[in-house]
Amino acid sequence: MSTHVRHLRGLTIATAVTVTAALILVFFYAPLDAEQGFVQKIFYIHVPLAIVSLVGYCLGGVFGLMYLRTGKRVWDMRSYCAIHMSLIFSVGGIIAGSIWAKASWGHWWVWSEPTLVSYLIVILLFCTYQPLRFSIEDPERQARYAAVFAVVCGAFVPINFIVVRLSAEYVHPRVLNLEGGNLPGPMKLTFYVSLLGIALLFATLMKYEMAAKEMRIETRRLRRTLLGDDAVRPLGRTASPS
Amino acid sequence: MIALFAEAPALPLHTAGPYVAAAYIVFLLIVLIYVALMARKLLTNSRDLRDLRAQLEEREHTGAGPAGPAPVPERIAEPLEPAAHE
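Residues numbered from 1 in each chain as written. Chains lettered and ligands numbered in written order. Predicted model: local features only at pLDDT ≥ 70, side-chain atom pairs only at ≥ 80, totals over all residues. Heavy atoms only, no water.

(A) Representation of the overall build of chain A within the structure. Assigned secondary structure in chain A consists of seven helices and zero strands. Going residue by residue from the N terminus, the α and β elements of chain A occur as α-α-α-α-α-α-α. The 242 residues of chain A split such that 52% are buried. Expressed as a percentage of contacts within chain A between residues at least 6 apart in sequence, the contacts between residues at least 24 apart total 75%. Here chain A has roughly 11,100 Å² of accessible surface; of this, 69% comes from carbon and sulfur atoms. (Helix = DSSP H or I, 4+ residues; strand = E, 2+ residues; numbered from the N terminus. Buried < 20%, exposed > 50% of the residue type's maximum accessible area, 1.4 Å probe, protein only. Contact = heavy atoms within 4.5 Å. Areas by Shrake-Rupley, 256 points an atom, 1.4 Å probe, with all protein chains shown as cover.)

As structure tokens, this is what we get:
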């Protein structure tokens, strides 16, 4: 059994339980925010999605670095899947954030807000990852260039985050910091359970994607064994690790 | 901008409800669409893999040699199509 498929069932169950618990806590346990009221419930989905996606981009960079060090294709696949999942989570995070901004600020988007704009820049930067892969046909070169891209852009994410945190002019709320933030107990518990749920969801979906890719590679290998190299059509251009 | 945030009032439930619902529905939709696509891909791949393993076992039992280029199945002999962007 593949290393990616191992523990997949347990992880899926843990994810389902944690996400369900998080939703119950959000709507039946966490108190209403005194300033924002019910709209603040969006915070429990928007912030974990943003945090997990940013961590995912950094993970993609770490996996890319591992590929450059070891040359093992599995690290390239991990890097690809981490960045792919992070992009999906980013889209969810930015849409949820936009909805919250509309409800709270009356605007879908505020261009003068560094947190929002820097997050958008990170997303747009990683949106070029797939076209970059797609533009390189040779799998070895594709993996190497993509790993360099993932490392450089992955390093950009925490730098970008720190610069924005140091910026003085912002309207985006700051509820978390190194001292634990200013959330009351029940809200903090709900937030951490939501964060855990989203992180588990990220790990589960990433593992499923890797399992699908491994299965595809195994299918091609078996086809070659059965029919010979000439009978299996080449992959051609693809952004996915092969 | 700070004044904008300071003046943002807590919306009443009937106004805030649709916004909260929309945020969670978008999240659920994204996850569901992704899971559905992945499940379809996994099912197709696992079916192909099962068929190929069965063929390989059958070949090993019958003691046939490695494949030659002659019996190429139709689906593989199809002209190359541009690879899907995954």
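(B) Region of interest: the overall build of chain B. Helix and strand counts for chain B come out as two helices and zero strands. Split by element, the accessible area of chain B, about 6,200 Å² in all, is 65% carbon and sulfur.

(C) The arrangement of the nonpolar core in detail. With 74 residues, the main nonpolar core has Ile42(A), Phe89(A) and Phe126(A) as its most contacted residues. When residues of this core are traced back to their parent elements, those giving at least two are α2 (43–70), α3 (73–105), α4 (114–127), α6 (139–166) and α7 (185–227) of chain A together with α2 (13–62) of chain B. When residues in this core are grouped by element, the largest group, 17 residues, is from α3(A). (Core = buried A, V, L, I, M, F, W, Y, C linked by side-chain atoms within 4.5 Å.)

(D) Examining a nonpolar patch on the surface more closely. Residue and element names in this part refer to chain A. Together, Leu-23, Ile-24, Phe-27 and Phe-28 give the surface a local cluster of nonpolar side chains, amounting to about 410 Å² of exposed area. Note that Phe-27 resides in helix α1 (residues 8–28). Exposure remark for Phe-27: the relative accessible area of 34% places this residue in the partly exposed category. (Patch = residues over 30% accessible without salt bridge, like charges linked within 9 Å, V, L, I, M, F, W, Y side chains within 5 Å. Salt bridge = Lys/Arg side-chain N within 4 Å of Asp/Glu carboxyl O.)

(E) Here's a closer look at the packing of α2(A) against α4(A). All names here are of chain A. At a closest axis distance of 12 Å, the pairing of α2 and α4 adopts a crossing angle of 45 degrees. By the angle between their directions, the pair α2 and α4 is classed as oblique. For the pair α2 and α4, the crossing hand works out as left-handed. For the pair α2 and α4, contact is made by Leu-49, Ala-50, Ser-53, Leu-54 and Tyr-57 and by Tyr-119, Val-122, Ile-123 and Phe-126, respectively. When grouped by side-chain class, the residues that make up the contact of α2 with α4 number eight nonpolar, one polar and no charged. (Axes fitted to C-alpha atoms, helices over the stretch in contact; angles between N-to-C directions. Parallel < 35°, antiparallel > 145°, perpendicular 65-115°, else oblique. Left-handed = near helix turned anticlockwise from the far one by under 90°. Nonpolar A, V, L, I, M, F, W, Y, C, P; charged D, E, K, R; others polar.)

(F) Molecular detail of the pattern of salt bridges. Residue and element names in this part refer to chain A. Tallied over the full model, the rule gives six salt bridges over all chains. The closest approach of N and O atoms between Glu-140 and Arg-73, which form a salt bridge, is 3.5 Å. Separated by 67 residues along the polypeptide, Glu-140 in helix α6 and Arg-73 in helix α3 bring together distant segments of the chain. The salt bridge partner of Arg-133 is Asp-76, with a shortest N-O separation of 2.9 Å. Within this pair, whereas Arg-133 is found in helix α5 (residues 129–134), its partner Asp-76 is found in helix α3, the two being separated by 57 residues in sequence. By the burial criterion, Arg-133 is buried, and Asp-76 matches it.

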